[in-house]
Amino acid sequence: MMRYMADYVRIEHEFPEYASYVVINWCLSNICNYACSYCPDELHNRSRQWLPLEEIKGFCERAIRHYEGKKLYFEFTGGEVTLWRDFIPLCSHLKSLGAEVGFISNGSRALDWWASAIPHFDQVCLSFHSELAKPGHFLDVVKLLHRDRRVHVNVMMKPETFDYCVEFARKVIELENVSIALQPLVIDFQDRLYVYTDAQKAVLAGQQENFSSKVRYTRQFTTYRGSMAAITRKGERNVFPAHHFIATGMNNWFGWDCYIGVEQIVVDMLGNIKRGWCDVGGVIGNILDPKLMLPVVPIRCNKTMCHCNFDIMATKIDQQGP
Ligand code: SF4
Ligand code: SF4
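These numbers come from a predicted model, not from an experiment.

The rules behind these values
- Residues numbered from 1 in each chain as written.
- Chains lettered and ligands numbered in written order.
- Predicted model: local features only at pLDDT ≥ 70, side-chain atom pairs only at ≥ 80, totals over all residues.
- Heavy atoms only, no water.
- Helix = DSSP H or I, 4+ residues; strand = E, 2+ residues; numbered from the N terminus.
- Rg over C-alpha atoms; globule rule 2.2 N^0.38 Å.
- Buried < 20%, exposed > 50% of the residue type's maximum accessible area, 1.4 Å probe, protein only.
- Contact = heavy atoms within 4.5 Å.
- Areas by Shrake-Rupley, 256 points an atom, 1.4 Å probe, with all protein chains shown as cover.
- Lys, Arg positive; Asp, Glu negative; His and termini not counted.
- Charge placed at Lys NZ, Arg CZ, Asp CG, Glu CD.
- Phe/Tyr/Trp six-rings, centres within 6.5 Å; stacked < 30°, edge-to-face > 60°.
- Lys NZ or Arg CZ within 6 Å of the ring centre and 35° of its normal.
- Near = heavy atom within 4 Å.
- Nonpolar A, V, L, I, M, F, W, Y, C, P; charged D, E, K, R; others polar.
- Pairing = 2+ DSSP bridges.
- Axes fitted to C-alpha atoms, helices over the stretch in contact; angles between N-to-C directions.
- Right-handed = clockwise from strand over helix to strand, strands pointing away.

Considerations on the overall build of the protein chain
Of the regular secondary structure elements, the protein chain holds ten helices and 17 strands. Computed over its C-alpha atoms, the radius of gyration of the protein chain comes to 19 Å, within 12% of the 20 Å expected for a compact globule of 322 residues. On the principal axes, the C-alpha backbone points of the protein chain span a range of 50 × 50 × 40 Å. The burial tally for the protein chain puts 56% of its 322 residues in the buried class. When contacts within the protein chain are restricted to residue pairs at least 6 apart in sequence, those whose partners lie at least 24 apart make up 73%. Here the protein chain has roughly 14600 Å² of accessible surface; of this, 52% comes from carbon and sulfur atoms. Side chains of the protein chain carry 35 positive and 36 negative charges; the gap between the two charge centres is 2 Å.

Below, the structure written as C-alpha cells:
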C-alpha cells in the first residue's frame, strides 16, 4: 500500500553506523567535459576554477578537528572532479589524516587514471549519462574498480532514452558488489520531476525489487549513507532509498526538524559552507573564514520538496509527532 508522508513522524538512518559519520559533500568546481541537457548550465559551464589545493586542505583539517570523535567522510562532486590535477593529491592527504574519501564522477577518465587513483579513495559513485557516456568504457571502469573499492552506479533516467538506460542497468547488475539506482531526473535539479510515462514510473518505483535486490554481494563494505527508515506514529518502520522518496512524492518535510548541518554539511564551488543543497539555513560562512562556527543543532525545514538525495539522507523529525 502506498503511504503518504503524513503517516510518518520520523526519518532516520536505516543503520546507526551511517549516523556515526559526518559527511562533507563538496562541489569543487563546474569544470566538466560533458554538457548533459538536463544539467543546469552553471554546473558545467567552466566559469569556476578549482580553489587552491592548500585552501581546501586547510578547511578539511579544521573540519577534522571540529568533529573530533566522529568519523569524517569527504565526498567530492563537480563538475567532473577527476579532471583536476590536484584531485588525487587532495584525496591522498585526507586519507593520511584518517578521513575517508569518495566522489561522484561520470566515469569518463581513461583506465590508467582510474588505476592510479585506486589507493587514494574508499568509494566512488559513477553516474551514467546516456547522452554522452560510452557504455563499454563505463563498464570497463566499473570492472576495474569493483574488486577493490565500493562502487555505486547511478543511471540517470532521461525519459527519451529510458529503455536504453534500463538495458544498461541490466548489464551493471550482472557485476558483483556494485549497487545501483535508476535515478529519476529533476528539472534544473530543483523541485519538479521530468515527465515520465506511467510505464516508466512503474519501472522507477519497482527498481528495488527488479534491480537493487538482484545485485550479488560477496564482500562487506563500509557505508557512509544509505537508505532511510520512515517511522509511523505507531512505530511501524519502512525502509526506502533516497530516490524512492523523490519518485513517489514522499519528500515533503515542511515544518520538521532536519539534521542537515549536524550530520552533514555542504561546500559550494566558491568555498561557501551550507547545511544542505536545499539552502535551508543559508550560507554559514566560507572555508577561509577564521571565525566560522559550524552548526550543532538541527534546523526547521521551510521547503515543501526535498529534491536532493544527499539532503534526504539526514535525520528528520516531526516535532508534532508523539
Ligand atoms: S556529467 Fe554531471 S556535471 Fe557534467 S554535465 Fe553531466 S550532469 Fe552536469
Ligand atoms: S529541504 Fe532541506 S531542511 Fe527540508 S527536509 Fe530537505 S534537507 Fe531538510
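That shown, we press on.
A closer look at the packing of aromatic side chains
All chains considered together, the criterion is met by 20 aromatic pairs. Their ring planes at 75 degrees and their centres at 5.1 Å tell us that phenylalanine 103 and phenylalanine 121 sit as a pair that is edge-to-face. Taken together, the residues span a long stretch of sequence, with phenylalanine 103 in strand 4 (residues 100–105) and phenylalanine 121 in the loop between helix 4 (111–117) and strand 5 (123–128) at a distance of 18 residues. Considered together, phenylalanine 103 and phenylalanine 121 belong to a single accessibility category, that of buried residues. Cluster of aromatic residues (ring-pair linked, three or more members): Trp26, Phe59, Phe74, Phe76, Phe87, Phe103, Trp113, Trp114 and Phe121. A cation sits over an aromatic face here: arginine 149 above phenylalanine 121, 6.0 Å from the ring centre.

A word on the site of ligand 2
Around ligand 2, the surrounding shell consists of Trp253, Cys258, Ile260, Cys278, Val280, Cys301, Lys303, Cys306, Asp311 and Lys316. Counted by class, the shell around ligand 2 contains seven nonpolar, no polar and three charged residues.

Describing helix 3 (residues 87–96)
Count 3.6 residues to each turn of an α-helix, and residues three or four apart come out pointing the same way. The set of residues buried in helix 3 consists of Phe87, Ile88, Leu90, Cys91, His93 and Leu94. Against the buried residues of helix 3 lie helix 2 (53–66), strand 3 (71–77), strand 4 and helix 4. Two residues or fewer past helix 3, glycine 98 is found with a positive phi of approximately 95 degrees.

With respect to the sheet that holds strand 2 (residues 21–27)
One open sheet accounts for nine strands, arranged 7-6-5-4-3-2-13-14-15; its pairing is mixed. Bordering the open sheet on either side are strand 7 (178–184) and strand 15 (283–286), each of which pairs with just one other strand. Between one strand and the next, the sheet's axes are offset by a mean angle of 20 degrees, whatever the strand orientation. Both strand 3 and strand 4 contribute to a ladder of four bridges, which runs parallel. Within strand 4, the position partnered with tyrosine 73 by the bridge is glutamate 100.

Observations regarding the site of ligand 1
Every residue close to ligand 1 is listed here: Cys32, Tyr34, Ala35, Cys36, Cys39, Leu43, His44, Gly79, Asn106 and His129. In the shell around ligand 1, the residues fall into six nonpolar, four polar and no charged.

Structural notes on the pairing of strand 3
Where burial is concerned, most of strand 3 is hidden: six out of the seven residues are buried. Note that the unit made of strand 2, helix 2 and strand 3 has a crossover that is right-handed. You can see the chain leave strand 3, run along helix 3 and come back into strand 4, and the turn it takes is right-handed.

Notes on unusual backbone geometry
The step from glycine 78 to glycine 79 runs through a cis peptide bond, and the omega angle for that step is 15 degrees. Along the chain, glycine 79 turns up in the loop between strand 3 and helix 3. Here asparagine 177, not a glycine, exhibits a phi torsion of approximately 65 degrees, which is positive. Residue classification places asparagine 177 among the buried residues on the basis of a relative accessible area of 4%. The backbone phi angle of aspartate 279 is positive, close to 75 degrees, even though this residue is not glycine. Among the secondary structure elements, aspartate 279 is positioned in the loop between strand 14 (272–274) and strand 15.

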